[in-house]
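Listed here are the chains, written in short residue letters.
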Amino acid sequence: MRRSIRFLLGEEWRDLSDVDPLTTALDWLRTVERRTGTKEGCAEGDCGACTILVGRMQAGRLVYEPVDSCIRLLATLDRCHVLTVEHLRRPDGRLHAIQRALVEAHATQCGFCTPGFVMSLAALWLDDPSPDEATIERALQGNLCRCTGYAPIVAAARAMSEDDEADRLRFARMRREAEDKLATIDASEPVTLRHGARVFHAPTTLEQLDALRLAHPEATLFAGATDVGLWITKQMRDLPTLVWLGGVEALRRIDETAGALELGATVSYRDARAPLVAAFPDMAELLDRIGGAQVRAMGTIGGNIANGSPIGDMPPALIALDATLVLRSQRGRRQMSLEDFFVAYGKQDRAGDEYVESLRIPRIAEGETFRAWKISKRRDEDISSVCGAFKLRRDATGAVAAARIAFGGMAATPKRARASEAALIGRPATRETFAAAAAALATDFAPIDDWRASAAYRMRVAQNLFERLRLDLAGAPTRLPAREAAHG
Amino acid sequence: MRPMKFGIGQAVKRVEDARLITGHGQYTGDVEAPGVATASFLRSPHAHARFAFVDLETARAMPGVLAVLTAADVVGLGGVPCLAPMANADGTTTPLPDCPLLCADEVRHVGDAVAMVIAEDELAARDAVEAIGVDWEPLDLVVDVPAAMKGEAAQVWPDVPGNLAFDSGIGKKEATDAVFAAAPRVVALRLVNNRLIANYMEPRGAIGEYDAGEDRYTLTVSSQGVHGLQDTLATKIMKLPAEKIRVVTKDVGGGFGVKTFMYREYPLVLAAAKMLGRPVRWLSDRSEHFLADAHGRDNVTVAEMALDEKGRFLGLRIDLIGGLGAYPSQYGPYIHYLGATMATGPYDIGAFHARVRGVYTHTTPVDAYRGAGRPEAAYVLERLVDACAREMKTTPDAIRALNFIKPAQMPYRTPTKRTYDVGEFEGAMRQALARADAAGFSARAAQAKAQGKLRGFGFASYIECTAWGEGEEGSLTLNEDGSFTVLVGTQSNGQGHETAYAQVVAQYLDVPVDSVRVVQGDTDRVATGNGTGGSRSIPVGSAMVARASDKLSIQLKELASDRLEAAVADLEIADGGVRIAGTDRAISFADIARLPKATPEARRAVESYTPPEATYPNGTHVCELEVDPETGQVTIERYTICDDFGVTLNPLLLAGQVHGGVVQGVGQALSERTVYSEDGQLLSASLMDYGVPRAADVGSFHFETRNVPSTTNPLGLKGAGEAGSIGSCPAVMNALVDALHRNYGIAHIDMPATPLAIFKAIRAAAR
């Protein structure tokens with residue numbers, strides 16, 4: 001067992017044993033390393049000023065992702081290649097192509113958000129050398145700027161791959177060297193850090209995780225920390241025992257079989273996007289509206305399920321798709337329908353020694369339709385007011401033969417709309433049928449009033465989704481046409 | 001002015017960027033202070049309460065805690081004063097409370113400070129804050145401005161009945177009332193100017209240090225000007241000679257006016273540093289920003305226009321009720337009045353009166369925010385003018401053209417006793433409308449309608465005032481290495497002053513901008529200054545730098561004349577040195593600096609400039625947008641700006657100011673909503689809940705200038721820092737009302753016109 005974390009900061013090794021597990025990557029960078037280019041704008045993953053690039057070893061190769069360092073725990077950088085804004089400029093002092101593009105476009109004013117934009121653009125630059133408008137917007141969803149009005153930044157994003165050969169060559173060399181170095185760390189060796197009364201465990205196998213779960217039922221399990229990070233930075237909670245799942249390679253598995261898509265519990269939104277969208281095209285819009293690029297790179301679908309939030313975006317979609325969950329403990333595996341997992345507010349059907357291992361999502365069959373809609377106050381980086389998901393099968397006559405419908409934000413847990421389903425099944429897909437299903441929603445749900453949305457609004461908008469579904473099935477346009485190039 | 005390679009008018013790239021874009025900016029939170037301790041504040045969870053401490057000892061005994069300070073520990077220090085009181089119209093004044101550094105026994109808004117913990121690190125400080133025991137006794141409260149004026153409302157201050165801080169007036173009431181009584185037509189509107197929260201990306205922060213040997217304090221602070229803070233600390237709060245307090249500001253991550261003010265945390269970190277004998281740092285987090293930094297805007301205005309049958313404006317009557325929050329902030333009361341001084345805008349209106357009232361509520365104090373009164377005024381006037389056009393069944397451009405002050409009327413004395421020197425308002429409007437293809441709108445609207453969208457077209461012609469009042473004194477020095485140093489008392493907080501002032505020097509001395517260093521933000525290095533605010537830096541600071549450059553160029557010619565054996569009159573500045581005109585005999589500035597006669601005094605020019613009158617930037621913003629009637633969602637499709645900034649110093653910096661300002665205006669118009677619950681909790685207190693525009697929310701703009709040089713500024717410049725936020729709200733809202741009126745007959749909707757608000761308006765109209 002290793003008693004330190006090891007990672008590369010730029011080209012330099014860091015080997016840290018005396019680490020408070022609650023330390024964020026941002027605080028460590030700023031206060032210990034004195035790399036102050038990375039900024040704290042909000043400490044809750046909303047503004048992106050703290051964005052860094054984290055390269056994660058995956059099958060011997062580094063995969064780079066934009067990360068909100070304000071909620072990323074330092075200890076989870078183990079076996080990673082960490083790059084901050086200070087690393088981009090070439091050793092001869094010449095600016096990186098991204099930085100040159102930002103200067104040329106006059107895309108920085110006060111400069112405080114700029115390092116975060118530089119790093120978000122760096123992630124985009126690695127992913128896509130010629131991004132279109134929508135891709136640029138997605139890459140910048142998680143970054144706020146209050147000075148420039150954004151247009152110059154978007155212009156810089158369009159221009160950043162011009163004359164970037166030297167930077168690409170340099171990056172490729174850095175990456176190879178980092179891969180060689182990081183490959184020297186034994187990926188199968190678990191890590192344990194102790195700091196005063198706090199302890200951090202990073203198991204590498206399911207068996208180790210089983211044992212830890214049994215020994216420390218009180219421990220906080222986490223992967224992306226997009227929620228747990230806020231417990232630390234905003235709620236000032238002490239979490240004495242942390243078990244980080246990011247080192248367990250088996251939990252990152254993605255299996256695409258003929259009948260189903262199976263996702264390990266720590267597959268991130270970012271990694272899940274391609275297989276999910278391939279299987280369920282309607283999922284793209286929902287996925288692209290979860291957090292920003294940083295949150296999607298960090299956050300995991302398993303975490304979104306395991307923390308049991310009533311407004312989590314994925315559970316309604318997954319319940320409608322009849323996903324099943326595999327819970328695991330040293331006693332063995334237990335499989336259940338996802339909808340049965342959510343028992344009550346803050347309570348899930350999970351024993352103290354169990355954890356979510358994987359998720360199995362059956363593919364939609366011929367004749368089945370899946371739709372999911374997120375309703376929130378604004379398009380980007382916002383929490384759902386209501387999230388509704390529908391899976392329908394119609395028979396040869398056009399009547400509804402089967403329906404699974406689930407909502408988030410309508411009850412203390414993500415929940416099936418069984419009365420609405422009953423009102424649809426066996427009926428012709430007419431306006432009256434869908435109206436009846438919408439009306440039946442009132443017997444399924446009694447949503448709460450809070451300051452994100454009133455109970456009446458939640459009910460109304462959820463009911464309206466049935467009409468939207470009907471129109472959609474009938475082939476009528478139900479969504480806004482793609483916006484013309486906004487930054488033309 | 002002769003074009004110079006790096007001089008005035010050139011699109012010079014920013015000299016700041018190399019630093020900021022590589023992460024080498026030095027913001028307050030980046031500054032090293034060896035041995036620094038961290039401060040954290042216990043802030044009130046109640047909007048109004050009496051309180052008593054029941055346990056301070058637990059916190060004091062916690063590990064890492066160095067001190068827990070309450071009001072009793074800082075009795076020797078004054079409170080934070082309001083520097084801009086307003087008299088009542090009858091000449092009386094209402095008592096004006098200071099904001100205590102720490103509340104003694106009563107809190108007046110959520111976020112009001114009651115105790116300060118200083119500890120070894122942030123976590124220890126915050127843990128101790130949570131351990132402080134307080135017995136709260138919640139009291140009646142009021143958060144809504146109109147409600148606060150009612151007799152039964154809770155009172156924020158015992159000696160301010162009706163929460164009315166002031167009731168002032170401007171203009172001629174009786175004469176205006178008479179015009180209205182006789183007017184054939186009167187058009188009235190009641191408009192809400194929503195409260196805003198600045199949300200600069202760098203939250204405030206301060207480091208206090210005390211040198212016992214010199215008995216001297218140093219405050220490092222994210223500010224918009226060090227000298228004003230030094231003066232308030234010295235004369236009002238700490239009561240010390242100014243030289244005992246050094247104030248330093250490094251890079252600033254946005255200010256928008258709100259970082260101008262003295263805040264309670266600044267004297268407290270200084271006092272704590274002296275008590276503990278080590279530096280004390282406080283860095284605001286985002287949540288604290290929402291609660292503890294001054295908010296902006298916040299008024300309700302009833303505006304009436306009297307017209308004749310031809311649509312000529314005869315009189316304007318304004319009744320403005322401004323929110324002040326719980327304490328009168330530094331300039332809070334005056335800001336509401338300042339807007340009223342620009343109420344008649346670019347129009348020739350004979351009769352005018354405004355009543356301006358300021359009202360306390362149990363909310364965060366309100367003060368200047370980008371535009372400070374002028375956006376509010378322009379919004380009211382331009383909404384009202386569009387309403388007048390509808391009433392008179394004429395077009396928005398025709399009614400404006402009819403009523404604009406004509407170039408021939410310049411200089412024009414307004415009913416508020418301002419003097420506009422120049423301005424061609426119709427010219428800017430016509431140019432903007434042409435560029436926006438107003439003529440093609442109908443076709444675009446028809447096309448949108450075919451897709452189920454409601455397209456609207458609207459614009460606003462504004463005039464605003466910038467760079468009034470205080471001047472700037474500073475200097476330009478030729479350094480021994482041939483480079484130049486500008487000392488200036490303004491404070492860049494993102495605008496790019498280092499580049500702009502260097503360009504002014506380059507204009508006079510023909511040097512590249514990177515050979516000019518601009519020093520700002522240090523009371524030890526720059527003797528005086530009035531900071532950055534009211535879009536004053538470029539018009540006032542540049543005029544000073546220009547004068548100093550001109551003066552220094554003469555001094556340098558004098559130094560060179562001996563060496564070149566030529567009369568000063570035969571010398572010219574060229575190519576980084578002085579040469580004999582028409583020859584290649586020259587001496588570089590570096591060589592001049594090494595001449596025996598080149599004493600520090602001979603290489604340095606001190607100059608000052610005080611503006612005789614404000615400058616009056618103006619222009620027209622045109623907005624074209626689409627409303628989705630099914631969702632209430634607005635998308636801005638085209639945005640066109642034609643502005644008159646007198647003279648363009650740097651087109652890149654200028655466009656940046658305008659773009660950023662416009663997006664802040666779009667945010668105010670469409671998404672930024674500050675929401676207090678009835679019990680005084682700020683519900684919109686995070687970036688999740690407060691609608692700062694994101695990249696996908698705004699498009700690009702077409703911006704151009706139609707400059708008419710200012711006659712009150714030596715360089716012809718007019719201030720440009722705020723204009724974007726002034727023209728934008730009315731342009732966006734006029735376009736939105738246009739879309740809603742065309743399709744539903746809706747003539748009014750308030751800001752922020754969120755999708756829900758628009759959805760409701762459409763549904764109400766359709767009923």
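Residues numbered from 1 in each chain as written. Chains lettered and ligands numbered in written order. Predicted model: local features only at pLDDT ≥ 70, side-chain atom pairs only at ≥ 80, totals over all residues. Heavy atoms only, no water.

## Comments concerning the overall build of chain A
The number of helices and strands found in chain A is 17 helices and 20 strands. Oriented by its inertia axes, the alpha-carbon framework of chain A measures out at about 70 × 60 × 45 Å. Long-range contacts, defined as pairs at least 24 residues apart, comprise 65% of the intrachain contacts of chain A with a sequence gap of at least 6. If you sum the accessible surface of chain A, you get close to 17700 Å²; carbon and sulfur atoms cover 51% of it. With 65 positive and 66 negative side-chain charges, chain A shows a spacing of 2 Å between the two charge centroids. (Helix = DSSP H or I, 4+ residues; strand = E, 2+ residues; numbered from the N terminus. Contact = heavy atoms within 4.5 Å. Areas by Shrake-Rupley, 256 points an atom, 1.4 Å probe, with all protein chains shown as cover. Lys, Arg positive; Asp, Glu negative; His and termini not counted. Charge placed at Lys NZ, Arg CZ, Asp CG, Glu CD.)

## A short note on the environment of Glu339 of chain A
All names here are of chain A. Structurally, Glu339 is set in helix 14 (residues 338-341). The exposure class assigned to Glu339 is buried, which follows from its relative accessible area of 16%. Taking C-alpha positions, Glu339 is 29 Å from Glu44, a pair spaced 295 residues apart along the chain. Not counting residues up to four positions away in its chain, the partners in contact with Glu339 are Ile319, Arg404, Arg416 and Arg418. (Buried < 20%, exposed > 50% of the residue type's maximum accessible area, 1.4 Å probe, protein only.)

## Some remarks on the packing of aromatic side chains
If you walk through the whole model with that rule in mind, you get 32 aromatic pairs over all chains. Summarising the aromatic geometry, the rings of Phe112 of chain A and Tyr27 of chain B are spaced 5.1 Å apart at their centres and angled 85° between planes, so their arrangement reads as edge-to-face. Here Phe112 of chain A, found in the loop between helix 2 (97-104) and helix 3 (114-127), pairs with Tyr27 of chain B, found in the loop between helix 1 (17-20) and strand 1 (37-43), and the two come from separate chains. Taking relative accessible area as the criterion, Tyr27 of chain B reaches 2% and is therefore assigned buried. Ring geometry for Phe341 of chain A and Phe342 of chain A: centres 5.4 Å apart, planes at 75°, overall edge-to-face. (Phe/Tyr/Trp six-rings, centres within 6.5 Å; stacked < 30°, edge-to-face > 60°.)

## Focus on the domain arrangement of chain A
Interface size, as often reported, equals the accessible area lost upon joining of the parts. Residues and elements named next belong to chain A. Domain boundaries in chain A define domain 1 (1-191 + 233-238) and domain 2 (253-473). One C-alpha centre belongs to domain 1, the other to domain 2, and the line joining them spans 32 Å. Tallying the contact residues gives 21 residues for domain 1 and 15 residues for domain 2. Summing both sides of the interface, domain 1 and domain 2 together bury roughly 1400 Å²; the carbon and sulfur share of this comes to 42%. Among the residues domain 1 hides against domain 2, the three largest losses belong to Pro66, Arg138 and Gln141. Together they make up 41% of the total. Along the contact surface separating domain 1 from domain 2 lie 5 salt bridges. When the shortest N-O distance is used, the salt bridge between Arg379 and Glu137 registers 3.5 Å. On inspection of domain 1 and its partner domain 2, the count reaches 9 residue pairs in polar contact (both at pLDDT 80 or more). Of all the secondary-structure elements, those providing two or more residues to the side of domain 1 that touches domain 2 are strand 3 (51-58), strand 4 (61-68), helix 3 and helix 4 (133-139). If one sorts the elements of the side of domain 1 that touches domain 2 by residue count, strand 4 sits on top with 5 residues. (Domains from an automatic or database assignment. Buried area = accessible area lost by both parts, 1.4 Å probe. Salt bridge = Lys/Arg side-chain N within 4 Å of Asp/Glu carboxyl O. Polar contact = N/O pair within 3.5 Å; in protein donor to acceptor, adjacent residues only side chain to side chain.)

## Here's the deal with the sheet that holds strand 11 (residues 245-248) of chain B
Residue and element names in this part refer to chain B. Taking strand neighbours across the sheet as the criterion, the 7 strands line up as 3-5-1-12-9-10-11 in an open arrangement whose pairing is mixed. Among the strands making up the open sheet, the edge pair consists of strand 3 (65-69) and strand 11. Direction aside, neighbouring strands of the sheet carry axes that sit 20° apart on average. Of the pairings in the sheet, the one linking strand 9 (residues 205-211) to strand 10 (residues 216-221) comprises 6 bridges and is antiparallel in character. Each residue of the ladder has a partner; that of Ala206, found in strand 10, is Val221. Against the sheet, helix 3 (residues 122-131) engages strand 1, strand 3 and strand 5 (113-119), with an angle of about 25° to strand 1. Sheet contacts for helix 7 (residues 265-276): strand 1, strand 3, strand 5, strand 9, strand 10, strand 11 and strand 12 (280-283); angle to strand 9, the most-contacted strand, approximately 35°. (Pairing = 2+ DSSP bridges. Axes fitted to C-alpha atoms, helices over the stretch in contact; angles between N-to-C directions.)

## Quick word on the interface of chain B and chain A
Opposite the 65 residues of chain B that make contact, chain A presents 61 residues. Counting across the chain B and chain A interface gives 8 salt bridges. Lys377 of chain A is paired through a salt bridge with Asp689 of chain B; the nearest N and O atoms lie 3.8 Å apart. Counting across the interface, chain B meets chain A through 26 residue pairs in polar contact (both at pLDDT 80 or more). Top element by residues in the side of chain B that touches chain A is helix 17 (residues 651-670) of chain B. It accounts for 8 residues. Of the residues contributing to the side of chain B that touches chain A, the split by class is 27 nonpolar, 22 polar and 16 charged. (Nonpolar A, V, L, I, M, F, W, Y, C, P; charged D, E, K, R; others polar.)

## Considerations on the side chain of Asp313 of chain A
Residues and elements named next belong to chain A. With respect to the helices and strands, the residue Asp313 is situated in the loop between helix 12 (301-306) and helix 13 (314-320). Given the relative accessible area of 8%, Asp313 is considered buried. Apart from residues no more than four positions distant in its own chain, Asp313 is found in contact with Leu286, Ile290, Asn304, Lys374, Ser384 and Cys387.

## Description of the pattern of salt bridges
Residues and elements named next belong to chain A. Evaluation of the coordinates by the stated rule reveals 103 salt bridges over all chains. Taking the shortest distance from any N to any O, the salt bridge between Arg100 and Asp163 comes out at 3.8 Å. In this pair, Arg100 sits in helix 2 while Asp163 sits in the loop between helix 5 (151-159) and helix 6 (165-182), placing the two residues 63 residues apart along the sequence. We classify Arg100 as buried; its relative accessible area is 16%.

## Some thoughts on the packing of helix 10 (residues 374-391) of chain B against helix 18 (residues 723-744) of chain B
Residues and elements named next belong to chain B. The contact between helix 10 and helix 18 brings their axes to 8 Å, and the two run at 30°. As summarised for this structure, helix 10 and helix 18 are arranged roughly parallel, according to the angle between their axes. Here the hand of the crossing between helix 10 and helix 18 comes out right-handed. Contacts from Arg374, Pro375, Ala378, Tyr379, Glu382, Arg383, Asp386 and Arg390 of helix 10 reach helix 18 at Ser725, Ile726, Cys729, Pro730, Met733, Asn734, Val737 and His741. For the contact of helix 10 with helix 18, the class distribution of residues is 8 nonpolar, 3 polar and 5 charged. (Parallel < 35°, antiparallel > 145°, perpendicular 65-115°, else oblique. Left-handed = near helix turned anticlockwise from the far one by under 90°.)

## Regarding the domain arrangement of chain B
All names here are of chain B. Along its sequence, chain B is carved into domain 1 (17-26 + 469-609) and domain 2 (140-405). Once you take the C-alpha centre of each, domain 1 and domain 2 turn out to be 36 Å apart. Taken together, the 22 residues of domain 1 in the interface contact 21 residues of domain 2. When domain 1 packs against domain 2, the two sides together hide about 1400 Å² of surface, and 40% of this comes from carbon and sulfur.

## Quick notes on the pairing of strand 15 (residues 351-360) of chain B
Residue and element names in this part refer to chain B. The buried fraction of strand 15 amounts to 9 of the 10 residues, a majority that puts the element mostly inside the structure. Two elements, strand 7 (residues 164-171) and strand 15, share 7 bridges in a ladder whose sense is antiparallel. Note on strand 15: the bridge partner recorded for Leu164 is Val359. Pairing between strand 14 (residues 313-325) and strand 15: 10 bridges, direction parallel. The partner of Gly323 across the bridge, within strand 15, is Val359. The parallel pair strand 14 and strand 15 is bridged by helix 9 (residues 332-340), and the resulting crossover is right-handed. (Right-handed = clockwise from strand over helix to strand, strands pointing away.)

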